[in-house]
Amino acid sequence: MVLAGPAGSGRSTFTAVALHELRHRLGAELGMALLPCDDRTATDVRRYEQPLYEDAHVLPPALPSGSPRPLVHRMSRRAGRRERALTFVLLDTAQRWFAGGEPAEGELRSLAGADAIVLLLDPQDLTGAVPRPVGRPPTADSAQVVERVLDRLRTAGAGAPDRGRIGIPVAVAVAKLDLVAPQLPPNSPLHRRRSPGPGFDAVDRSAVDAELRALLALWQSDGIDRRLRETCADYQLFAFSALGRSPRGDAAPPGGPRPHRVEDPLLWLLHRFGLLDRAGHRR
Ligand SMILES: Nc1nc2c(ncn2[C@@H]2O[C@H](COP(=O)(O)OP(=O)(O)O)[C@@H](O)[C@H]2O)c(=O)[nH]1
Ligand SMILES: [Mg+2]
């Protein structure tokens, strides 16, 4: 799974918090084990977790530094007598990949080999969602990054193309939902928490997807949705907050991350890849 998005959209924070949640909370809830496949992954995961969970510090903007390395875990789950397992590879991307110009060879290779994409949108780029911070560089624009990623995915021939469209599952997620949540109506499905249990909630999934489609239109960003519909055979819209509230400068919010729906894109993908059944449906 390749994680893409503009600089500062929260890719590295998502990586840290989603892995932490999978290992410490969701794993037990879903009856699932997540084990690093090699020492390098174990060391790299610590570089993501330590600042946020131990040093109470936001992640350095330069993470991942150098050539991004995939984090490789074995994910396994017992369902009845059978064990289902998959190799879960997460690649947090370097910003320069999506900054424009010709795609580099390493970039195309990673995209061509990806089984799934998680593509983050920064709500600060969506007109009318939250004000765009002064000084945010024009290269850090979510709509532009969506264009580039879709373009590169097609060039790389990711997945078996489906009638000319990108065949692999694409999860598109509005990050930093805490910035947007106060303006949402009280009955918005985005406020809801996931009902605990070892399943994938398809009803909640379609409510959230529909809500986000409506919100993108409201935020004058329905061009993004149109583009996704034209180019992706299998995509869904998500929204999450990894931290739960805004950091103050470089200090992580007191008490550490309080994520909201950060696991949603992963649960959808685990469902798509056969590791997780729909809630109430057991194989
Ligand atoms: N309010 C809020 N800020 C966040 C959240 N996730 C990340 N950020 C902040 O957004 C900035 C960029 O995050 P980072 O993960 O480094 O983005 P990346 O460049 O895409 O890897 C940092 O200051 C983070 O603390 C969130 O859930 N809510
Ligand atoms: Mg980063």
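Bear in mind the structure is a predicted one, so any value in this text is a computation, not a measurement.

Enquirer: Please clarify how the coordination of the magnesium ion (ligand 2) should be interpreted in this entry.
Expert: Tetrahedral coordination by four donors places them ideally at 109.5 degrees to one another around the metal; octahedral coordination by six donors ideally gives 90 or 180 degrees. Around the magnesium ion (ligand 2), the donor atoms from the protein are Ser 12 (OG) and Leu 63 (O), and they sit 2.2 Å away. Here Leu 63 lies in the loop between helix H2 (39-54) and strand E3 (71-79) and Ser 12 lies in helix H1 (residues 11-30), a separation of 51 residues in the sequence.

Enquirer: How should the site of ligand 1 be read in this particular structure?
Expert: Taken together, 18 residues surround ligand 1, and among them Gly 8, Arg 11, Thr 13, Asp 178 and Ala 242 come closest. Between ligand 1 and Gly 10, the relevant distance is 3.0 Å, taken from an oxygen atom to a main-chain nitrogen or oxygen of the residue. Taking Leu 243, its main chain carries an N or O atom lying 3.1 Å from an oxygen atom of ligand 1. Burial of ligand 1 by the protein amounts to 88% of the accessible area it has alone, namely 580 Å². Here the shell around ligand 1 takes 3 residues from H1, the largest share from any one element. Broken down by class, the residue content of the shell around ligand 1 amounts to 7 nonpolar, 7 polar and 4 charged.

Enquirer: Before we go on, may I ask you to explain the side chain of Gln 236 in this structure?
Expert: Turning to its location among the elements, Gln 236 is positioned in strand E7 (residues 235-239). Of the polar contacts made by the side chain of Gln 236, one reaches the side chain of Arg 205; its length is 2.7 Å.

Enquirer: Any chance you could explain the sheet that holds strand E5 (residues 117-121) here in plain terms?
Expert: Strand pairing within a sheet occurs via backbone hydrogen bonds; the two strands may be parallel or antiparallel. As summarised here, the arrangement of the 7 strands in space is E2-E3-E4-E1-E5-E6-E7, forming an open sheet in which the pairing is mixed. At either end of the open sheet lies a strand with only one pairing partner, and these are strand E2 (32-36) and E7. Pairwise comparison of adjacent strand axes, ignoring direction, gives a mean angle of 25 degrees for this sheet. As defined by bridge partners, strand E1 (residues 2-4) adjoins strand E4 (residues 82-92) across 2 bridges and the pair is classed as parallel. Looking across to E4, one finds that Leu 3 is bridged to Asp 92. Along the sheet, helix H7 (residues 222-231) makes contact with E5, strand E6 (170-174) and E7, crossing E7 at roughly 150 degrees.

Enquirer: Looking at this structure, I do not really get helix H4 (residues 142-156). What am I missing?
Expert: Helical periodicity: at 3.6 residues per turn, an α-helix aligns residues three or four positions apart in one direction. Taking 1.5 Å per residue, 15 residues should reach 21 Å; H4 reaches 21 Å between its end C-alpha atoms and fits that length. When H4 is considered as a whole, its buried residues turn out to be Ser 142, Val 145, Val 146, Arg 148, Val 149, Leu 150, Arg 152, Leu 153 and Ala 156. Where the residues of H4 are buried, they touch E1, helix H3 (105-113), E5 and H7. Its side-chain oxygen at 3.1 Å from the backbone nitrogen of Ala 143, Asp 141 defines the N-terminal cap of H4. At the exit of H4 stands Gly 157, carrying a positive phi of roughly 65 degrees.

Enquirer: Before we go on, may I ask you to explain the environment of Trp 219 in this structure?
Expert: Structurally, the position occupied by Trp 219 is in the loop between helix H6 (202-218) and H7. Here Trp 219 falls in the buried class, since its relative accessible area comes to 4%. Trp 219 sits 45 residues away from Asp 264 along the chain, and the two C-alpha atoms are 22 Å apart. Setting aside residues up to four positions removed in sequence, Trp 219 forms contacts with Leu 126, Thr 127, Gly 128, Ala 129 and Val 180.

Basis of the calculations
Residue indices follow the written sequence of each chain, beginning from 1 at its first position. To read the labels, note that chains go from A and ligands from 1, taken in the order they are written. Thresholds applied to this predicted model are a pLDDT of at least 70 for local features of residues and 80 or more for the giving and counting of side-chain atom pairs; totals over whole chains, interfaces and linings are not thresholded and use all residues. No hydrogens and no water enter the side-chain calculation; it runs on all heavy atoms of the structure. Donor atoms (N, O, S) are those found within 2.8 Å of the metal centre, with the cutoff raised to 3.2 Å for Na, K and Ca; water is not part of the atom list, so apparent gaps in a site can occur. Think of it this way: any DSSP run of H or I at least four residues long counts as a helix, any run of E at least two long counts as a strand, and we number them from the N terminus. For this description, a residue counts as near a given molecule or strand if any of its non-hydrogen atoms is within 4 Å of it. Whenever two N or O atoms come within 3.5 Å, that pair is a polar contact, provided that in protein one can donate a hydrogen and the other can accept it, and provided that, for residues adjacent in sequence, both atoms are side-chain atoms. In this description, accessible areas are obtained by the Shrake-Rupley approach with a 1.4 Å probe, and a residue is regarded as covered only by the protein chains that are shown. Here the nonpolar group is Ala, Val, Leu, Ile, Met, Phe, Trp, Tyr, Cys and Pro; Asp, Glu, Lys and Arg are the charged ones; every other residue, Gly included, is treated as polar. Only when DSSP finds a minimum of two bridges between them are two strands counted as paired. For helices, the axis comes from a line fit to the C-alpha atoms of the stretch in contact; other axes are also lines fit to C-alpha atoms, and the angle between any two N-to-C directions lies between 0 and 180 degrees. Any two residues whose heavy atoms approach within 4.5 Å at even a single point are treated as in contact. Multiplying 1.5 Å by the residue count of a helix minus one yields the expected span of that helix. Each residue is placed in one exposure class: buried if its accessible area under a 1.4 Å probe, protein chains only, is under 20% of its type's maximum, exposed if it is over 50%, and partly exposed if it falls in between.

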